[in-house]
Amino acid sequence: MTRSLTLLGATGSIGASTLDLVRRNRGEWQVEALTANGSAAELAALAIEFDAKLAVVGDEACLPELRAALAGSGVTAAGGRQALVEAAQHPVDMTVAAIVGCAGLAPVMAAVERGGTIALANKEALVSAGEVLMEAVAKHGATLLPTDSEHNAIFQCLQGNRIADVAKITLTASGGPLRTWTQAELDAATPAEAVAHPNWSMGAKISVDSATMMNKGLEYIEAYHLFPVGLEKLGIVVHPQSVIHSMVEFHDRSTLAQLGPSDMRVPIASCLAWPQRMETPLAPLDLAAIGQLTFEAPNEVLFPATRLAREAIAAGGSAPAILNAANEVAVAAFLAGQIRFTRIAALVEETLARSNDAPRPASLDEVLEVDRSARRQALSLLENNALV
Ligand code: NDP
């Protein structure tokens, strides 16, 4: 039996991993819609290859290019923010949400509101709109399958267990490519150095987030919403080998961990096949060859992002959405060569300090307004050179 699939963010790293699995199992999937932002030619090629019904570019200026590339193919082309939302509204068996950033929030919400099954990679959507999104999931009977490797690991460890029996959830962090660097070295880190992750091949934004440890901070907030155990039961440990993807300890002091190759096709396959399993083309885990699994506490002096995220989710209100928005602005500025690596967390902290008195957003529109306002604040700090 074939299942229908919409892939939001088809031209990205998660998109490519998802389509690799679909390509290997073509008979099992009917691709409904594929989306991108501006990569029109790449999107068109994928839409034709996968015989999609619809291809959407978020950047409306790229629609003519998409239309031209799809001429005569039978694939419908669309463009713009609303077209992304409409693509997510089409009924399908599985939506993979892999847009990067808060830009993915409105389409994710649209998929949630039709009660769909959503493999959620787009962590920024959950960080910005945690309560609003989780309330909508409950109200509309949607199914969220955590696709982030850590949350997918926790999800797997929780199968057959009661959340009430959880003593602690520990997110593992590789520590990123700059884990052992000194303060002076971090100050001078270049974008190329920050995105050169030792274990994972990922898009630029999440690679920088891994280097600053903000990725783990965002994941901490994500875990808080996905697994309702309370903040005091959430922890982070640095595990440079990225073999254990996260762990759950229960009251009897049993700890379950999920291990696997550091390849996103593992958690994506777990979501696509859920509640069953599917084959992936990956080599078996060879623990003897890996030799050692090591662990260390996060260094929050050199990498303050996890502290900022912990404080933001503890403060609640609009703080997580502000944290996320400021981080998106800061990472983009770092990648564009406008600020130093160590100023990313500083810009987030300063933006939070200047705008963190807003109440908890109660709707999608309110979240998006908090997001816009925090971006304006962060950009004005940048423009004033206040932190460079
Ligand atoms: P990429 O940057 O590789 O891909 C992002 C995708 O989103 C592309 O298809 C891009 O289109 C699209 N996109 C970007 N901006 C917009 C926008 N404004 N509107 C609509 N679409 C947009 O990111 P990743 O695949 O690395 O990450 C995707 C999400 O998954 C992120 O939230 C990330 O944190 C999360 N994640 C990623 C992991 C990984 O291994 N990569 C691991 C765990 C989570 P275009 O090509 O046209 O720009």
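Residues numbered from 1 in each chain as written. Predicted model: local features only at pLDDT ≥ 70, side-chain atom pairs only at ≥ 80, totals over all residues. Heavy atoms only, no water.

**Student:** When you look at the packing of helix α7 (residues 130-140) against helix α12 (residues 214-226) in this model, what are you seeing that I'm missing?
**Tutor:** Axis angle and axis distance: for two packed helices, these are the angle between their axes and the distance between the axes, and together they describe the pair. Contact geometry for α7 and α12: axes closest at 10 Å, N-to-C directions at 35°. Between α7 and α12 the crossing geometry is right-handed. The segment α7 lies against α12, with G130, E131 and M134 engaging Y224, H225 and L226. Counted by class, the contact of α7 with α12 contains three nonpolar, two polar and one charged residues. (Axes fitted to C-alpha atoms, helices over the stretch in contact; angles between N-to-C directions. Helix = DSSP H or I, 4+ residues; strand = E, 2+ residues; numbered from the N terminus. Left-handed = near helix turned anticlockwise from the far one by under 90°. Contact = heavy atoms within 4.5 Å. Nonpolar A, V, L, I, M, F, W, Y, C, P; charged D, E, K, R; others polar.)

**Student:** Would you take a moment to explain the sheet that holds strand β5 (residues 94-97) for this structure?
**Tutor:** Within a beta sheet, neighbouring strands are joined by backbone hydrogen bonds and run either parallel or antiparallel to one another. Judged by pairing direction, the sheet is parallel, and its seven strands sit side by side in the order β4-β3-β2-β1-β5-β6-β7 without closing on themselves. Of all the strands in the sheet, the pair left with one neighbour each is β4 (76-79) and β7 (143-146). Averaged over neighbouring strand pairs, the angle between their axes works out to 20° when direction is ignored. In terms of strand pairing, strand β1 (residues 3-8) meets β5 through four bridges, oriented parallel. Each bridged residue has a counterpart across the sheet, and for L5 the counterpart in β5 is M94. Where helix α3 (residues 63-70) meets the sheet, its contacts fall on β3 (54-57) and β4, and the angle it forms with β4 comes to roughly 175°. (Pairing = 2+ DSSP bridges.)

**Student:** Can you walk me through the side chain of K123 in this structure?
**Tutor:** One can find K123 in helix α6 (residues 123-128). Within the local environment of K123, its side chain forms a polar contact with the side chain of N215, the two groups lying 2.5 Å apart. The residues touching K123, leaving out its near neighbours within four places in the chain, are D148, I206, N215, L218, E219 and E222. (Polar contact = N/O pair within 3.5 Å; in protein donor to acceptor, adjacent residues only side chain to side chain.)

**Student:** Sorry, what's going on with the site of the ligand here?
**Tutor:** In the vicinity of the ligand lie 25 residues, with T11, N37, G38, S39 and E124 positioned nearest. Within the side chain of T11, a nitrogen or oxygen atom sits 2.7 Å from an oxygen atom of the ligand. In the environment of the ligand, a nitrogen atom lies 3.0 Å from a nitrogen or oxygen atom belonging to the side chain of R81. Contributions of two or more residues to the shell around the ligand are made by α1 (13-23), α4 (81-89) and α6. Its residues assigned to classes, the shell around the ligand comprises twelve nonpolar, nine polar and four charged. (Near = heavy atom within 4 Å.)

**Student:** Help me understand the packing of aromatic side chains, please; the structure alone is not making it clear to me.
**Tutor:** The geometry of two aromatic rings is summed up by the distance between their centres and the angle between their planes. In the structure shown here, the tally under the stated rule is two aromatic pairs. Centre to centre, the rings of F155 and W274 are 6.4 Å apart; their planes meet at 50°, and the pair counts as tilted. Placement of the pair is F155 in helix α8 (residues 149-158) and W274 in the loop between α13 (265-273) and α14 (287-290), with a sequence separation of 119 residues. Accessibility expressed as a relative area gives 17% for F155, which makes it buried. Here W274 falls in the partly exposed class, since its relative accessible area comes to 33%. Their ring planes at 70° and their centres at 5.6 Å tell us that F334 and F341 sit as a pair that is edge-to-face. Residue F341 is classed as buried on the basis of its relative accessible area, which comes to 4%. (Phe/Tyr/Trp six-rings, centres within 6.5 Å; stacked < 30°, edge-to-face > 60°. Buried < 20%, exposed > 50% of the residue type's maximum accessible area, 1.4 Å probe, protein only.)

**Student:** Hey, could you run me through the pairing of strand β6 (residues 117-120) in this one?
**Tutor:** Two faces belong to every sheet, and in a regular strand the side chains alternate between them. Relative to β6, β5 is paired through three bridges, and the arrangement is parallel. From the neighbouring strand, T95 faces β6, where its bridge partner is I118. Note that the unit made of β5, helix α5 (residues 105-113) and β6 has a crossover that is right-handed. Summarising the sheet, β6 and β7 pair through four bridges and their orientation is parallel. Its bridge partner being in β7, I118 is matched across the sheet by L144. (Right-handed = clockwise from strand over helix to strand, strands pointing away.)

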